[in-house]
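So the chains spell out like this:
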Amino acid sequence: MSKVRYVAIGDSFTEGVGDELPDGHVRGWADLTAQGWADASGESVEYANFAIRGKLVRPIIEEQLEPALALRPTHLSFNGGGNDMLRPRTSVSTVVDSFRRVIERCDEEGVKLIMLSGANPSAQLPLSRLIQRRGDLLSHAVDSRFNDRRDIIRAFNWFDRELATPPYWSEDRLHMNARGHHRVAARVITALGLEPPAGWWSLPPLPASAPRGLDYYREHVGPWVQRRLTGTSSGDGRTPKFGQWTTITPSDS
């Protein structure tokens, strides 16, 4: 078995929504990290990804953490709270408190934790000031709460001003596009002490094709509101895209 066994848990950010491949499957920063890790180290990486779009932080921990740890990984990446943050009645401190369970279980299993914060989409979204404020609170709270745990690998993206600009975001303005996912992957690989491809920090801008005005609200905001009203999720019925180990080999092998 490969020396590195990397598993990711989380929501749409980690599943890779926004970075759609021609066949319709999503890729995303975690997939890119696994490949970049193998390329930079010159060794195969075992990779699994349990992340499912639309998940709140508690279901991420309750439904994904133990199956991920059951694979006996060497590294586990965790991000959550983005969907909670969009719900105004959610307590930021409660979200941050839930992170401790992930840290405790990784400690118990001897797994190296990679903790991420999501990127900041607020500039181009409705209610941008509210989202910005709550995202700031969440990011600062996570950083201060676990600041003493220097053994946790950190790849925080919320305060990356370049990543917050429109060219890094998909048509729905809520999820990063391929350009954004590559930049996050570059940050994770750097946090691991490895060298990512230099171009990943800022790929050439993608053609602009996002809907505007009422078309944007009809195609993206309306369905999101409808799911909130009906208590449904974009992740309902979905299963992990890599629920077992898949071997990622160096690109030149």
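Residues numbered from 1 in each chain as written. Predicted model: local features only at pLDDT ≥ 70, side-chain atom pairs only at ≥ 80, totals over all residues. Heavy atoms only, no water.

Chemist: I keep staring at the packing of helix α2 (residues 29-41) against helix α7 (residues 178-191) and nothing clicks. Help me out?
Modeler: Helix packing for two helices is described by the angle between their axes and how far apart those axes are. Packing of α2 against α7 leaves a shortest axis separation of 8 Å and a crossing angle of 45°. Classified by the angle their axes make, α2 and α7 are oblique. Like other packed secondary-structure pairs, α2 and α7 cross with a definite hand, here right-handed. Along the contact surface, α2 presents Trp29, Leu32, Thr33, Gly36 and Trp37, while α7 presents His181, His182, Val184, Ala185, Val188 and Ile189. (Axes fitted to C-alpha atoms, helices over the stretch in contact; angles between N-to-C directions. Helix = DSSP H or I, 4+ residues; strand = E, 2+ residues; numbered from the N terminus. Parallel < 35°, antiparallel > 145°, perpendicular 65-115°, else oblique. Left-handed = near helix turned anticlockwise from the far one by under 90°. Contact = heavy atoms within 4.5 Å.)

Chemist: Just to check I follow, could you spell out the environment of Trp245 for this structure?
Modeler: Looking at where Trp245 falls in the secondary structure, it is placed in strand β6 (residues 242-248). Separated by 198 residues in the primary sequence, Trp245 and Tyr47 place their C-alpha atoms 5.3 Å from one another. At 3.3 Å, the side chain of Trp245 forms a polar contact with the backbone oxygen of Leu71. (Polar contact = N/O pair within 3.5 Å; in protein donor to acceptor, adjacent residues only side chain to side chain.)

Chemist: Can you help me understand the side chain of Arg134 in this one?
Modeler: With respect to the helices, strands and loops of the structure, Arg134 is situated in helix α6 (residues 128-145). For Arg134, the side chain forms a polar contact with the main-chain oxygen of Met85, separated by 2.9 Å. Arg134 has contacts with Asp84, Met85, Arg87, Pro88, Thr90 and Val92, leaving out every residue within four places of it along the chain.

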